[in-house]
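# Breakdown of the fold
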Amino acid sequence: MAAPMPTYSAVVAHASAFLGELIADPLLRRHLLSAAAAADGGGGQHTAATLQALSLISDVLDTAPSASPSPSSLHAAERLLLSLPAATPLSCLLSALASAARRRCGAPSAASAVLDLFVLDPALARHELAPAAFEALFAPRLLPVMRHFATRRASAAAAVASAAQFHEDSRSDETAALSAMRVLSLMSGAQAQEMRGLEREYEMVLDVNCKAYALYLKKILETGEAARLSPPPPPPELVFTVGHGDMSAGDEEASTDADEGAVSCVRDNPMWAEAEGDLYPRQGSIKGRRELMRPPSLYPQRVSPHLIVQQQRQSPQVGRSGRWSPAPRLREEHSPATPSDDSTEDSSIELYTGKQEKHPASPLSKPRRAQPRDDDGAGWARSSPEPSSSPMDGYADLARQQQQQAESTPKDFVCPITSQVFDDPVTLETGQTYERRAIQEWLDRGNATCPITRQHLHVGSLPKTNYVLKRLIAGWLEQNPLATPAPPITPATPATPAVARTPSARMEAPPLPFKINSPSPDNTGSQASAPSPTSVIVQASVESAIGELRAAVSCLCTSEELAESEKSVLRIERLWREAGAAEHAFFSALAKPAVINGFVEILFNSVSAQVLQVAVFLLAELASRDDGVVQTLTRVDTDMDCLVALSKKGLVEAVVLIYLLTPSVDQLVEMDMAEALVAAIRRVDEADTLNMCVKPKAASVILLSQILSEAGVGRDTTLPVPRSALVSERFVRSTALVLDAEQVEVRVAAMRILLRCIAEDGHCRSSIVEKLALGPVLDAFHVVGDADKFDIVRFLSEILKLKKRSAAERVLQAIKEGGSFSMMHTLLVYLQSTTPEQSPVVAGLLLQLDLLVEPRKISMYREEAMDSLVECLKNSDFPRSQLLAAETIMNLPGKFSSSGRPLARSTLLKLARVKERYRPPQSQELSVVRGADGGGEDDAAGEDKAAWEWERKTAYAVVSHEFGLALEALSECLESKNAELFAASLVCAVRLVHMLSLLPDTGVLGAARVCLLRQLVLVLRSAKHGGDRALAMVALRSFMNDREGMQDIATYIKDVLRTLRELKKSSGLAFEMLKLLSDGQESSIDMWNHKELNQADCSSNGEVTSIVYFKNYIFSGHSDGTLKVALSEFPYSKSKNKFQFLKSEYFGIQVWEGSENILRLVQESQEHTKAITSLSILPSEEKLYSGSMDRTIRVWQFRDGLRCAEVHDTRDPVQNLAVATAMACFVPQGAGVKALSWNGSGSPKVVNPGKSVRSMALLHGKLFCGCNDGSIQEIDLASGTLAVIQAGNKRILGKSNPVYCLQLHDGLLYTGSAPLDGASVKIWNSTNYNLVGSIPSPAEVRSLVVSADLVYLGSRNGAVEIWSREKLIKIGALQAGSPGCRVQCMAVDADGDVLVVGTSDGRIQVWFLL
């Protein structure tokens, strides 16, 4: 069978693995360098350049475990080696080590240097310098040559094998070597000389083929990655012999060298012990440690058995649908001469099968197709002269001698059960003698009679050994060495003999050393002379079983009664299981199309679950062994439809047969098989009474994986199975249990299903981890292809995205320790040959494993992983690779939600302290970092500590790599136009900068400023997404912790201050940064900036007497009774120095442009006949109340446009108005306050009749009144009680000091008046009436309004003062209206961003707080 075609990645990977072992093992490296130097003629004959390069590379590699390799030393060594006039094995080995030590982009050069070793000196490279590389790269190609010479050796050995003893059963390598030595010791001088010549020819043929194949592999390396797009050139033809002229050199020196070369080769042929007297290799032979520990081999070259097995598997078995077919593999498992997948040892040794003993050839000597041979006898290039017969024909003469010797064996020396010479004979009471272990097993199986005479045995235990017979046998064996006694017998557990087992069972169970019911007259000499009665009984039973089978098959195919046909099926199944030696005859009888159709008819008509299961079992057994059965079943579509219908009804065994028929994915989807497969996987595992060739759950997993692989990913994709069933906990856990399956194909399929489950719903990760067995998954990584390897890496990376850090670290520990091999080294080798789109994921997993093992030391794994990530970030030719690398770095902190979504961005946004009302909507799971997982505060504290330690380790590993090289790469990614790459890179950069401010200062923070400051300022100034601007603030705040950072930011101070002023209302961090940049003064003008947006001139309607702002509506009342409405939505956006407002009217949508500084009117009403003195709104009812001097209060609705809904007659002019849900309070023209009920019952009630009220506010049934005499009272409207907050004052110099305005905000009462006592505004606690503060403004406050951060005071000269509500200090001032006008009324929006002012000259002005 042809060897697999080599690929660029395979050559690089094998060479990297070989060199990686040399770099990691100093002792082995020194041995190989010494051997290479000795092969060149000794260290004293090397050039100075070679010795200097050797010194440099040795120093670098000896210090590599504790420090990063020095690139300068490696480059210097490479320059020295390139200057050599001619290459030597030592220079090639040094070049390979130097290129491999460079890691980055050095793997192809290193592989080319390794191949140069095989070009220069193939024998030295093969035996001493690079045996591992030869095994991986050359041995699969040269297997035909090795088999050819193994056949020739066997033929030569057969001529002298009469005196050697060969065991008939499996032997160890040491036993085989001893047997070979006995044969070789009996050779004559001519025969020994012939064997020497054969060995010399073998070495020369290998040299020629190695050199040619090495040059071919170098061509593949030179083509590089481009070879993936086009098929590689054909490999060179194999050479199987050399010309006689080359063999007959004639000088003794060449013969001696050839003999020494043959002695020093890996196989250690023991023939030289007899001929030369030297069993040991020469001192210059240096071998790897693994070879030194291996026993001698019979084969001429060290070739691992798994290579032969893998080569035999290379030819894919394709079914009718064009996909890989499982039936040929199962047929190979049924074949007794085919090696098993699970055990190469068991596959290479087989005992007797049927009547004829079979000696299957070893993997190196399997029969091959005969090829034409060139008989011209000249040159090196000859075709493959492979014999058409089996290689074991070389032992034919020896086997015939053994048979002739066995025929002369006395029959009394042979056990009638085992058909072998006695080893421990016992004589029963019936006079018959048996082998003790054989008759003991006969009795253990429940038999109580003599096997030959059938007489009942009365003895409970076996008698003593028949020593007389044993001594006679011993004496006979000394004279007949080829006759062997019975081999040791391992007791087997009692079971039904000759039960038909599944392929997996046949692979797992060791072969029985003998069969109780199969002594054959053709196997021993005693039976040849006197046939055993046991063989007669067996033959009769076989013939009887075949006759019974024929009757059952005839009934199945011809009976018209369903019941009889069902009984026939059950009888056939029983006979099949008891077939034993007649299994082949049974198979031939059942595999006929007529019988297959009979089984199918049972599937169509039977309703018995047992019969259906048995019929499916028999069809599956037959289909797994013969393609003709598969073709019969697939010839009619209705047969497949019947199987699908049975599987949907719960017959899970039908899935196995469907799997063996290999339908296409389109057929599976069309037949709607997905739900049935999910149900089969979810079923609890029950005892497999049928013992089918493939377990139903395994077949279901493979088929479902194929179906899901064709469907897309995402919520918009139509799944072939309901999403709820696919992500259910029961299904996920059942699939996770399948990861422990024996077949690698089943494990990979289950893993792909789980990957799809994670993609659909990340919450299932926890269920997967609970039932996950990582060992089988990790072991599968070493035997699958590249695509499957990457799926395994993706799966391991996905299950690490857990909410709890401790759980993720446990999974990491399991990945590190769970496999049979070092997973870190495996990933390192795989990373060096993977594609750019896959390397970020592999590097991320390798980096996490390294941080788990060595959190603080610099290691080769970490450097290689970081080099790969940085290289991917900088490679703009692969944008997908860039994005994956950025996401990998972003996910390194290990902060994920319960669904596996990364929380890095939301965690950083919390540092910006964005106020809740400005936060964008987000999912609940992202807003909560740690949910209700159970556990107490100690567990939560432990998780937080573990998460923080891990975040510190990952950040340090990234930023410390080559002094912040990753930050430079992220800065380049921030310039990308790819939105996803920009967002991921921004999160990575901000996190790393923030962590740098928390880690010990190593100077990397300064390098980060150089790389990222300009980009972050640009993001802060012009990013469209508010979250991106907040992230940029977090990074800039980290730069402001030292003086140099403040100086660098000062370069962009204007842009930074302008943006921070815009964000200070929404972000606490922006407010803090603005204070730092304003020298800590909160009252700085840079902190608060108001921009006048629009104004409206309403002087034609008189003064603006009242104003209200509600839901982007501006309601204004005027002295002529006009009510006007304007509408605008904030915040604004800048476009060419124009401010645009999007107005969402209830009755339409309009866009108002404020470029002309005119606020355009939406609607107006003149239903009041006199001045509107006050406006009030109830937000809960969306109603507007207006009080007027025309003695009415009107109620307005504005859901469908502003319209008057109610009119209430007050009988008095309304000076001021305060409303509640059930009533209204207004100030009449005289003293007191009147309370009016909305239901119209009774006349208005007068409260506080002794005071002349100027301003008032109503809250929770309590009325606060500011009077003309300066007093302030609280009136409980329910009880009528009155409380004095501030007593009134007498007139001073004939002037009163009225309370002009009054407002409640956040439990405080703000009152405005004239500053006669030094404070124009006083602040009271509305609960206990204590004075808590005052504003020392010199202006007479006629109107005031309070927001969350500021207090606006309107004066009689048109000025609006701005004061800090918290600090009570003045911030700035605004000028409203024309000079000399009064500020009549003011209003702010709910967020405090918009200020609306009405003046006495009829102007309405709008400011926006930046």
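Note that this is a predicted model, so its numbers are computed, not measured.

## Quick word on the side chain of Asp639
Residue position: Asp639 is located in helix α29 (residues 637-648). Notably, Asp639 is buried but unbridged: the nearest opposite-charge side chain belongs to Arg635, and the N-O separation is 7.7 Å. For Asp639, the contacting residues outside a window of four places in its chain are Val600, Phe604, Thr632 and Leu633.

## A short note on unusual backbone geometry
In this structure, Asn1248 takes a positive phi of about 50° despite not being glycine. By secondary structure assignment, the location of Asn1248 is in the loop between β18 (1245-1247) and β19 (1253-1259). A positive phi is found at Leu1368, a non-glycine position, where the angle reads about 60°. Position of Leu1368 among the secondary structure elements: in the loop between β29 (1359-1364) and β30 (1370-1375).

## Examining helix α3 (residues 48-62)
In a regular helix each residue adds 1.5 Å, so 15 residues correspond to 21 Å; α3 covers 21 Å between its end C-alpha atoms and thus fits that length. Within the sequence span of α3, burial applies to Ala49, Thr50, Ala53, Ile57, Val60 and Leu61. Seen end-on, α3 carries its buried residues on one side only, within an arc spanning 100°.

## A word on the packing of aromatic side chains
Within a pair of aromatic rings, the relevant descriptors are the distance that separates the centres and the angle that separates the planes. Taken as a whole and assessed by the stated rule, the structure comprises nine aromatic pairs. Taking the centre distance of 5.8 Å and the plane angle of 70° together, the rings of Phe413 and Trp476 count as edge-to-face. Of the two residues, Phe413 is situated in the loop between α18 (396-407) and β1 (425-427) and Trp476 in helix α20 (residues 467-479); the sequence distance between them amounts to 63 residues. The exposure classification of Phe413 matches that of Trp476, with both residues buried. An aromatic cluster is built from Phe118, Phe134, Phe138, Tyr213 and Tyr216, whose rings are joined through pairwise contacts.

## Points about the pattern of salt bridges
If you walk through the whole model with that rule in mind, you get 39 salt bridges. The partner of Arg574 in a salt bridge is Glu578, with the nearest N and O atoms 3.7 Å apart. Judged by its relative accessible area of 34%, Arg574 is partly exposed. The residue Lys1370 makes a salt bridge to Glu1361 at a minimum N-O spacing of 3.9 Å. Exposure remark for Lys1370: the relative accessible area of 41% places this residue in the partly exposed category. Overall, Glu1361 belongs to the buried group, its relative accessible area being 9%. What you see here is one network of salt bridges that share partners, running through Arg752, Asp788, Asp791 and Arg794.

Reading the values: rules and limits
- Residues numbered from 1 in each chain as written.
- Predicted model: local features only at pLDDT ≥ 70, side-chain atom pairs only at ≥ 80, totals over all residues.
- Heavy atoms only, no water.
- Helix = DSSP H or I, 4+ residues; strand = E, 2+ residues; numbered from the N terminus.
- Buried < 20%, exposed > 50% of the residue type's maximum accessible area, 1.4 Å probe, protein only.
- Lys, Arg positive; Asp, Glu negative; His and termini not counted.
- Salt bridge = Lys/Arg side-chain N within 4 Å of Asp/Glu carboxyl O.
- Contact = heavy atoms within 4.5 Å.
- Expected span 1.5 Å × (residues − 1).
- Arc of directions from axis to C-beta.
- Phe/Tyr/Trp six-rings, centres within 6.5 Å; stacked < 30°, edge-to-face > 60°.

Geometry only, nothing functional implied.
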